Amino acid sequence: MASSKNKPVNLSERLNRQSRTVDTVKTDPTIPTEVTVTLDELVPSEFNPRQSVNPKYDDIKDSIKARGIDHRFNVTRKSVDDPYQIADGGNTRLQALQELWKETGDEKFFRHQVTFKPWVDDEESLAGHLVENDLRGDMKLIERALAAKRWIALIEEKEGKTLSMRKVSERMKSKGWSIDHSNLSVLLYAVDGLVEYVPDLLWAGAGVPTVKKLRSHEKAFKAYWDSLIENGEQPSEEWETLWQTTLKEFDDISFDFDTFFQQLSIKFSDAVDEPYSAVSSEIFSIMNGGKPSGVKSPQPNHPIAQGDSPSALGAVVAGHSPAPSPSTGSSEQPTQSVNGHTPAESPARTVATETADDLSSASATPSVVVGGITSTQAEPEAAMPELTLDNLLEQSYIAIREVTDAYDIGHLLLPTFGEYEGAPGIGWYIPLEFYDGFDQILSELTPIQRLWTYSLLIPLIGIAHDCEMYGQTEVVATINALLPKRYDQLLDDHTLQQAYIHTSMIRTLPEFDGVDPAHVRCKHGLLAFDRIFAALRRRFNDDYTSLFLEPK
């Protein structure tokens, strides 16, 4: 019997079987290795932090078209069943190659020698892309911020616990990204606190200075808000709502911090029933290192904040103090003021105001209220020549242009002095007939410009209210035709009420260091207009027929 040891071996069959086994077990190299890939085997990285178009894209594409790829790609993949993906930068070049291949069909754009790097993990891949892109210096802050947020999630998932900003930044530095915990906190603030409310601003390229400034504004306002609550204040709305809605109003490709501060202060003052000037002064103090006081100014805010009805607002806007109580037995009307101030305490020294200072009459000048502010005309030391009606109308226009020019809305006004042949009114008005309605005007303006545009309606609304009381119905009808809707309907308009509050606050604004020059300019213009308007009222003894029904 033949021994099994002597059985012949079929070497050909064994070699074929070994070959088939090798073919079924595909593996990637375990060390960096040069391989050849085609565009249909290569995809962008899922960890590419750049989400917007590279600003240098066209230059990169033109360079590749002329010279080809100067630096070969580094590629990787999680498993052999996945397509290759860019390992650490090069996603923009890959996009350019794909477009050039479609446009030209040139093989040099299709097949490439690349360096394969073994896959490590998600964190390593994200780190490689973020470091590579950030070194070029052309990433948007929000792109860096979103990548950092994702990286932190990967780190904490791997560690199984939450880490401090300092620990996280140290981990990131060890992977090649130079960032400290302070700058990391700025990036996270952009993601957690801003991108939902000002996406246009951030994706337009807002950088670290803008984000830091917004954060300092929020901290200062929130600190004062919290200190008031700790002392028993109950604001009319939540801080988060107030802050977030104001941010949304200012979301644009650029950010007007002065106007934002102003609008936020107005809303803050309305929510806690405190004068704008007191709020803004407190916030300036906090932003310059002071501590929140936790107390409100003893001065009252505006009539609306004190619960007055729109009709009461109409009376104040119109220039009338509330009638005295019958029990007082007094026939005199009390002088009205807001926040304890009158224009006489802070005389405006513009051209318009200097002319207004010379307005005089033979008798002592009574106190009048325009927009809720007392305007007391002092007795002149010497008699001045009486100004003509056209002089007054021109000075009214000059005064209000101080206001409108501060916010670039002077083009909305039409003067009614000089060669103007119709009824002159108060020297100017918004010619709605030139536009497709008031809403069309507002649609082209910023939030603060819209607020000031509404404020231009207040004098006419006040006069219409007066004339309704005096029975001058024809004048009321004429004024209503100049307004976007009837004056009594506008009294219920929330934006009109905000404009009234705003102009009242601006009139009493202290002129301290750091105050916005535009605010000061508006204050001077408003006070000058108040005095000129008082002179017009005296001239016609509150009979507006001549001003609104009769040509000059």
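Residues numbered from 1 in each chain as written. Predicted model: local features only at pLDDT ≥ 70, side-chain atom pairs only at ≥ 80, totals over all residues. Heavy atoms only, no water.

## Section: unusual backbone geometry
Right, on to step 1. The phi angle at Asp-273 is positive, at roughly 60°, despite the residue not being glycine.
Right, on to step 2. Tracing the backbone shows Asp-273 in the loop between helix H11 (257-272) and helix H12 (276-287).
Right, on to step 3. For Asp-273, a relative accessible area of 29% gives the class partly exposed.
Right, on to step 4. In this model, Asp-408 sits at a positive phi of 60°, which is unusual for a non-glycine residue.
Right, on to step 5. Along the polypeptide, Asp-408 turns up in the loop between helix H15 (389-406) and strand E8 (414-415).
Right, on to step 6. We classify Asp-408 as exposed; its relative accessible area is 59%. (Helix = DSSP H or I, 4+ residues; strand = E, 2+ residues; numbered from the N terminus. Buried < 20%, exposed > 50% of the residue type's maximum accessible area, 1.4 Å probe, protein only.)

## What to know about the packing of helix H9 (residues 208-230) against H12
Right, on to step 1. For the pair H9 and H12, the least separation of the axes is 9 Å and the interaxial angle reads 120°. In terms of orientation, H9 lies oblique with respect to H12. Considering how the two elements wind past one another, H9 and H12 form a crossing that is right-handed. Contact residues: H9 offers Ser-216, His-217, Ala-220, Phe-221 and Tyr-224, while H12 offers Glu-282, Ile-283, Ile-286 and Met-287.
Right, on to step 2. In terms of residue class, the contact of H9 with H12 is built from six nonpolar, two polar and one charged. (Axes fitted to C-alpha atoms, helices over the stretch in contact; angles between N-to-C directions. Parallel < 35°, antiparallel > 145°, perpendicular 65-115°, else oblique. Left-handed = near helix turned anticlockwise from the far one by under 90°. Contact = heavy atoms within 4.5 Å. Nonpolar A, V, L, I, M, F, W, Y, C, P; charged D, E, K, R; others polar.)

## Describing the pairing of strand E5 (residues 111-116)
The two faces of the sheet receive side chains in turn, since in a regular strand these alternate between them.
Right, on to step 1. Relative to E5, strand E1 (residues 33-38) is paired through six bridges, and the arrangement is antiparallel. Its bridge partner being in E5, Thr-38 is matched across the sheet by Arg-111.
Right, on to step 2. Pairing between strand E3 (residues 74-76) and E5: two bridges, direction parallel. From the neighbouring strand, Asn-74 faces E5, where its bridge partner is Thr-115. (Pairing = 2+ DSSP bridges.)

## Considering the pattern of salt bridges
Right, on to step 1. For the coordinates displayed, the defined rule picks out 24 salt bridges.
Right, on to step 2. One salt bridge in this structure joins Asp-121 and Lys-158, with 2.7 Å as the shortest N-O distance. Here Asp-121 is found in the loop between E5 and helix H4 (122-136), whereas its partner Lys-158 is found in helix H5 (residues 141-159), with 37 residues between them in sequence.
Right, on to step 3. Residue classification places Asp-121 among the partly exposed positions, given a relative accessible area of 22%.
Right, on to step 4. Residue class for Lys-158 comes out partly exposed when judged on its relative accessible area of 44%.
Right, on to step 5. For Arg-171, the salt bridge goes to Glu-123, with nearest N and O atoms at 3.1 Å. With a gap of 48 residues between them, Arg-171 in helix H6 (residues 165-174) and Glu-123 in helix H4 connect regions that are remote in the sequence.
Right, on to step 6. Judged by relative accessible area, Glu-123 falls into the buried class, the value being 2%. (Salt bridge = Lys/Arg side-chain N within 4 Å of Asp/Glu carboxyl O.)

## Focus: the sheet that holds strand E4 (residues 84-86)
Right, on to step 1. Read across the open sheet, the five strands follow the order E1-E5-E3-E4-E2; overall the sheet is mixed. Each having just a single partner strand, E1 and strand E2 (42-43) make up the two edges of the open sheet.
Right, on to step 2. One ladder, built from two bridges, connects E2 with E4; its direction is parallel. Residue pairing for E4: Leu-42 is matched across the bridge by Tyr-84.

## Things to note about the packing of helix H17 (residues 447-455) against helix H21 (residues 494-507)
Right, on to step 1. In contact at an axis separation of 8 Å, H17 and H21 are set at 90° when each is read in the N-to-C sense. As far as their axial angle goes, H21 and H17 are roughly perpendicular. Residues Ile-448, Leu-451, Trp-452, Tyr-454 and Ser-455 of H17 form the contact with H21, whose own contacting residues are Thr-495, Leu-496, Gln-498, Ala-499, His-502, Thr-503 and Ile-506.

## Notes on the side chain of Asn-480
Right, on to step 1. In this fold, Asn-480 is placed in helix H19 (residues 473-482).
Right, on to step 2. Dropping the residues within four chain positions of it, Asn-480 is found in contact with Lys-485, Arg-486 and Tyr-487.

## Some remarks on H17
Right, on to step 1. With eight of its nine residues buried, H17 lies for the most part within the structure.
Right, on to step 2. Considered for burial, the residues of H17 that qualify are Pro-447, Ile-448, Gln-449, Leu-451, Trp-452, Thr-453, Tyr-454 and Ser-455.

## Quick look at the side chain of His-217
Right, on to step 1. Assignment of secondary structure puts His-217 in helix H9.
Right, on to step 2. A polar contact is formed between the side chain of His-217 and the backbone oxygen of Lys-213, at a distance of 2.9 Å.
Right, on to step 3. Every residue in contact with His-217, bar those within four places of it in the chain, is listed here: Trp-243, Phe-257, Phe-260, Phe-261 and Met-287. (Polar contact = N/O pair within 3.5 Å; in protein donor to acceptor, adjacent residues only side chain to side chain.)

## A short note on the confidence of the model for the chain
Right, on to step 1. Chain-level statistics for the chain give a pLDDT mean of 80 and a share of 79% at 70 or above.
Right, on to step 2. When mean pLDDT is taken per element in the chain, helix H10 (residues 239-249) scores highest with 96 and strand E7 (residues 373-376) scores lowest with 35.
Right, on to step 3. Every residue in residues 302-312 is under pLDDT 50, and counting partners more than four places away or in other chains gives 17 contacts. (pLDDT = per-residue confidence, 0-100.)

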